[in-house]
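# Examining the three-dimensional arrangement
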Amino acid sequence: MITTMFHLPPQLTKWLSYKTILLLSLLSLAATAAVDTQRNDNDSTSSPSDLLTIPLPNTPIPLPLVGMGIGNLPHDLIPHVVHANLRPELDVRLIDTAHASRNERILGEAIASSPAVAGDGGSAKRSTRGGSAPPNDDPSPLPPIHIVTKVWYTHLNYERTKLSIRESLTELQAAFAATSTSHPDPRRIYVHMLLHWPRCDDSIPWMNCEEEENALPPSVRALGPPPHLDKRNAWKESWRAMEEVFDQYNVKRHGGESQRQPIIASIGVSNFELDDMKELMAMAKVKPQVYQGNAWKVFHDPYMMDFLRENDVVFQAYGVMQGILGRKNESPAAFGMLLTMAEEMREIANGQKLRNLPPVITEATVLLAYFVHSKIGIIPRASSSTHQHENSPASIAAVVPHLTPSHIRRLEIAIPALMRGQDVHASISFMNDLPGPIQVHWIHPETEEEVLVSTMVHSGAVEVMNTHPGHRFVAYDTERVVRREFVVEVGYGERQHFHVEL
């Protein structure tokens, strides 16, 4: 048996606009709906708070899975973005930044001046949707706000890390002051402190180890040797400092007090490689509770993901939007799969009786919902109101309970394809069971024109090609006496085999 592989010519796929891809995806959805009628009704009865938080080891404080990032936002936009996201209709409970972003003071002041923190006549008093409820002995009637910040690699080693943490907590002091008993509706502020990188690495183009070291104030340089000269061990001394700070400021020690000082809810790392994580786990007295890394790892670093799951470390993904949706033009069919699911989820949401306005559900919401469904934290950055709504806990909570195994299976085809900038296809094959050769033609869905897409397929041979759900093909013998028509009934990432026979 001879097998050949054939790809549809570019001129036959160029006309596939997003609208057409959406139609083909809907056909694919219809093809799989018959075997996927049972929804995940167990989750539908859960509260949004249950869906959108995850427990952390060694602390009673669960971590919100949905947050927002402000690390690279222009400083003048931060107050507006923070105020918008803390509003009850968005109800974001976690904000991600870093000491190196030099915006912690701005963030603290923005939280302090937010009506959702300072008190707005009670409109901020809501259920714990989209974030974690305070411990039972917490006097606050409102759910807490979580801040993730990080120690930069110039401040690795014991004393430098201690200094960086003190500076971060000092910069955030305005937020802590705003949540003290001087306000009628105090909110807890929980800090999650991470090591941003395990080391400075000159092989990364934007890292300049010697230059950054020389730019530090003399008072910082006096606290210890340059960490880039001890790349293997500097972070280990930093972790010892992190453990001590966690013991000093954790909720078990201060959870019952009115908040006049920060509470460090967890410690963790960011951008560590697997060997680093194994060393950390072997030496740590307090295990890392949070790992922040590029969303790419979710699909392309299975060893790290397995290691984190085995050790009960929560993965928090950055780079979700730009790293995935930013490549939609290179992967139109994969992007169309997200469009299809977004349309389906909007129909479900519109058919429900909601107390509030219907959530904003787009392809971005479906993408984020996949990560939340997988118990992976997300911290998308958005300055526009539309993006803030589609990224919000309310919108994501409207999608997560309705993700079926079929949705998850298709998302796990579409998302890696978007990450790689490669499109998805349905794979089909034609087995020639006739005594003589055949040729296969693609039927244009608008003009019905039959376009030759194969070479001569001899008796007993197989022709394999990539195509799209819903496409039609016709096979002829050389005399055009035998004509057999076929319809692609499988979805993207699936295979279908056709026999051309008498």
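Above this text sits the structure in question.
Notes on the structure follow. Note that the structure is predicted; figures quoted are calculated from it, not measured.

### Some thoughts on the overall build of the chain
The helix and strand inventory of the chain stands at 22 helices and 18 strands. When burial is assessed residue by residue, the chain has 56% of its 502 residues classed as buried. Of all intrachain contacts in the chain linking residues separated by at least 6 positions in sequence, the fraction that spans at least 24 positions is 75%. Taken as a whole, the chain presents about 21,600 Å² of accessible surface, with 52% of it coming from carbon and sulfur.

### Examining the pairing of strand 10 (residues 314–318)
The side chains of a regular strand alternate, residue by residue, between the two faces of the sheet. Burial within strand 10 is extensive, with 4 of its 5 residues counted as buried. The pairing of strand 9 (residues 290–294) with strand 10 spans 5 bridges and is classified as parallel. Directly across from glutamine 292, in strand 10, lies its bridge partner glutamine 316. Sheet topology places strand 10 next to strand 11 (residues 377–378); 2 bridges connect them, and they run parallel. Bridge pairing in strand 11 places alanine 317 opposite isoleucine 378.

### Considerations on the packing of aromatic side chains
For the structure on display, the rule yields 11 aromatic pairs. Seen from their ring centres, phenylalanine 430 and phenylalanine 486 are 5.6 Å apart, and the 70 degrees between their planes marks the pair as edge-to-face. Taken together, the residues span a long stretch of sequence, with phenylalanine 430 in strand 12 (residues 426–432) and phenylalanine 486 in strand 17 (residues 483–487) at a distance of 56 residues. Like phenylalanine 430, the residue phenylalanine 486 is buried in the burial classification. Members of the aromatic cluster, connected to one another through ring pairs, are Trp152, Tyr153, Trp197 and Trp206. Geometry around tyrosine 158 places arginine 240 over its ring, the cationic atom sitting 4.2 Å from the centre. The lysine or arginine in question, arginine 480, covers the ring of tyrosine 476, its NZ or CZ lying 3.9 Å from the ring centre.

### Let's talk about the sheet that holds strand 9
Ordered in space as 4-5-6-7-8-9-10-11, the 8 strands form an open sheet in which the pairing is parallel. A strand with exactly one partner marks an edge of an open sheet, and here the two such strands are strand 4 (68–69) and strand 11.

### Regarding the side chain of lysine 297
Mapped onto the fold, lysine 297 is located in helix 15 (residues 296–300). Judged by relative accessible area, lysine 297 falls into the buried class, the value being 12%. Engagement of the side chain of lysine 297 in a polar contact is seen with the side chain of aspartate 301, the distance being 3.0 Å. Sequence-distant contacts of lysine 297, defined by excluding residues within four places in its chain, comprise Phe272, Glu273, Tyr291, Met304, Met305 and Phe315.

### Some thoughts on the state of the cysteines
A complete count under the given rule lists 1 disulfide for this structure. Linked covalently through their sulfurs, cysteine 200 and cysteine 209 form a disulfide whose S-S length is 2.1 Å. Between cysteine 200 and cysteine 209, the S-S torsion sits near -100 degrees, and that sign places the bridge as left-handed. When its relative accessible area of 4% is taken as the criterion, cysteine 200 is described as buried. Owing to a relative accessible area of 4%, cysteine 209 belongs among the buried residues under this scheme.

### Considerations on the sheet that holds strand 13 (residues 438–443)
Judged by pairing direction, the sheet is antiparallel, and its 4 strands sit side by side in the order 14-13-16-17 without closing on themselves. Of all strands in the sheet, those with a lone pairing partner are strand 14 (450–452) and strand 17, marking the two edges. For this sheet, the mean angle separating the axes of adjacent strands, direction not counted, is 30 degrees. Sheet topology note: the strand 16 (residues 472–477)/strand 17 ladder contains 5 bridges and is antiparallel. Along strand 17, the bridge assignment pairs arginine 472 with valine 487.

### Looking at the pattern of salt bridges
Throughout the structure, instances matching the rule amount to 21 salt bridges. A salt bridge links lysine 150 to aspartate 96; the shortest N-O distance between them is 2.9 Å. Residue lysine 150 is found in strand 6 (residues 145–151), and its partner aspartate 96 is found in strand 5 (residues 94–96); the two are separated by 54 residues along the sequence. Here the two residues lysine 150 and aspartate 96 agree in accessibility, since each one is buried. A salt bridge links aspartate 306 to arginine 309; its shortest N-O distance comes to 2.7 Å. Taken as a pair, aspartate 306 and arginine 309 lie in helix 16 (residues 302–310) at a separation of 3 residues, close to a single helical turn. Taking relative accessible area as the criterion, aspartate 306 reaches 34% and is therefore assigned partly exposed. Residue arginine 309 is classed as exposed on the basis of its relative accessible area, which comes to 55%. Taken together, the salt bridges that share partners define one network made up of Glu448, Glu450, Arg472, Arg483 and Glu485.

### Regarding helix 22 (residues 405–420)
Taking 1.5 Å per residue as the helical rise, helix 22 with its 16 residues ought to reach 22 Å, and the 23 Å between its terminal C-alpha atoms agrees with that figure. If you check which residues of helix 22 are buried, you get Ser406, His407, Ile408, Arg410, Leu411, Ala414, Ile415, Pro416, Ala417, Leu418 and Met419. Looking one or two places after helix 22, you find glycine 421, whose phi comes out positive at around 70 degrees.

Calculation criteria
Residues numbered from 1 in each chain as written. Predicted model: local features only at pLDDT ≥ 70, side-chain atom pairs only at ≥ 80, totals over all residues. Heavy atoms only, no water. Helix = DSSP H or I, 4+ residues; strand = E, 2+ residues; numbered from the N terminus. Buried < 20%, exposed > 50% of the residue type's maximum accessible area, 1.4 Å probe, protein only. Contact = heavy atoms within 4.5 Å. Areas by Shrake-Rupley, 256 points an atom, 1.4 Å probe, with all protein chains shown as cover. Pairing = 2+ DSSP bridges. Phe/Tyr/Trp six-rings, centres within 6.5 Å; stacked < 30°, edge-to-face > 60°. Lys NZ or Arg CZ within 6 Å of the ring centre and 35° of its normal. Polar contact = N/O pair within 3.5 Å; in protein donor to acceptor, adjacent residues only side chain to side chain. Disulfide = S-S within 2.5 Å. Axes fitted to C-alpha atoms, helices over the stretch in contact; angles between N-to-C directions. Salt bridge = Lys/Arg side-chain N within 4 Å of Asp/Glu carboxyl O. Expected span 1.5 Å × (residues − 1).

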